[in-house]
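Structure assessment
Listed below are the residues making up each chain.
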Amino acid sequence: MQLDHLVALGPALSALASSLLAFLTFFTVRASRAMAREMYETRLAQFRPVLYPVLRREADTLLLHLRNVGPGPAMDIDISCKGDFDRQCHLPFFGPGEKTDLPLSDRSDREGTIKISICYMDLFGNRVETLGRYRLTQENTGDGYIYSFDTRMRGGLHCR
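The structure displayed is predicted, hence computed values, not measured ones. (Residues numbered from 1 in each chain as written. Predicted model: local features only at pLDDT ≥ 70, side-chain atom pairs only at ≥ 80, totals over all residues. Heavy atoms only, no water.)

1. A closer look at the pairing of strand β6 (residues 112–121)
Of the pairings in the sheet, the one linking strand β3 (residues 74–82) to β6 comprises 6 bridges and is antiparallel in character. Looking across to β6, one finds that C81 is bridged to I116. In terms of strand pairing, β6 meets strand β7 (residues 127–136) through 10 bridges, oriented antiparallel. Paired with M121 across the bridge in β7 is R127. Joining the antiparallel neighbours β6 and β7 is a turn of 5 residues, in which G125 adopts a positive phi near 85 degrees. (Pairing = 2+ DSSP bridges. Helix = DSSP H or I, 4+ residues; strand = E, 2+ residues; numbered from the N terminus.)

So this is what it looks like as structure tokens:
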């Protein structure tokens, strides 16, 4: 009698075991894809540029002090400044460790908020955008650096 029960349960146990293996295979494939994506992002991070903008007041001029603190070059860089004055600038290439000062205004006594947007590409064609907001007040009217009070970075990776 027990052998008949086992024979009757055989297809059900086989279906249950197959379902369990399919379930485990699904999560193994999902974990493998996540690990491959993480390895891809790690490899790209070795070449990713990071442009760091800071405002600088010097004499009667307001400058944008731009520095590439990442290990890779930035290409096709578009810089846009919005506030009580508007400036546009384009740089074709900016290498790792490179820095420059770009004049924004010939008056350094300005007050208000300036929004700076920097869009650029890395070596692999991934688009990155850095958005920063700077507050110009009477307290920081002397020569020196003015750091962003709100910085955001947006960008995505292209999967192959």
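This is not the end of the story, as more comes after the structure.
2. Side note on the side chain of T130
Mapped onto the elements of the fold, T130 is located in strand β7. Looking at T130, the relative accessible area reads 5%, which means it is buried. Look past the residues within four positions of T130 in its chain and what remains in contact with it is L51, P53, I116, S117, I118, Y120, T151, R152 and M153. (Buried < 20%, exposed > 50% of the residue type's maximum accessible area, 1.4 Å probe, protein only. Contact = heavy atoms within 4.5 Å.)

3. Concerning the environment of L91
Along the chain, L91 falls in strand β4 (residues 87–94). Taking the C-alpha atoms as reference, L91 lies 8.2 Å from I79; in sequence the two are 12 residues apart.

4. Considerations on the sheet that holds strand β2 (residues 61–68)
Read from one edge to the other, the open sheet built from 4 strands follows the order β5-β2-β1-β8, with strand pairing classed as antiparallel. Whereas interior strands pair on both sides, the edge strands pair on one side only; in this sheet they are β5 (99–105) and β8 (144–146). Sheet twist, expressed as the average angle between the axes of neighbouring strands with direction ignored, equals 35 degrees. (Axes fitted to C-alpha atoms, helices over the stretch in contact; angles between N-to-C directions.)

5. What to know about the pattern of salt bridges
In the structure shown here, the tally under the stated rule is 7 salt bridges. Among the salt bridges present, the one from R152 reaches D150, with a minimum N-O distance of 3.4 Å. Residue R152 is classed as exposed on the basis of its relative accessible area of 51%. The exposure class assigned to D150 is buried, which follows from its relative accessible area of 19%. Residues joined by salt bridges that share partners form a network here, namely R56, E58 and D101. (Salt bridge = Lys/Arg side-chain N within 4 Å of Asp/Glu carboxyl O.)

6. Here's the deal with the packing of aromatic side chains
In total, this model carries 4 aromatic pairs according to the counting rule given. With a centroid separation of 4.8 Å and an interplanar angle of 75 degrees, the aromatic rings of F23 and F27 are classed as edge-to-face. Of the two residues, F23 and F27 both sit in helix α1 (residues 2–45), 4 residues apart, roughly one turn of that helix. Judged by its relative accessible area of 48%, F23 falls in the partly exposed class. By the ring-pair criterion, three or more aromatic residues cluster together here, those being F23, F26 and F27. The ring of F149 has R135 lying over it, and the distance from NZ or CZ to the ring centre is 4.0 Å. (Phe/Tyr/Trp six-rings, centres within 6.5 Å; stacked < 30°, edge-to-face > 60°. Lys NZ or Arg CZ within 6 Å of the ring centre and 35° of its normal.)

Shape descriptors only; they carry no functional weight alone.
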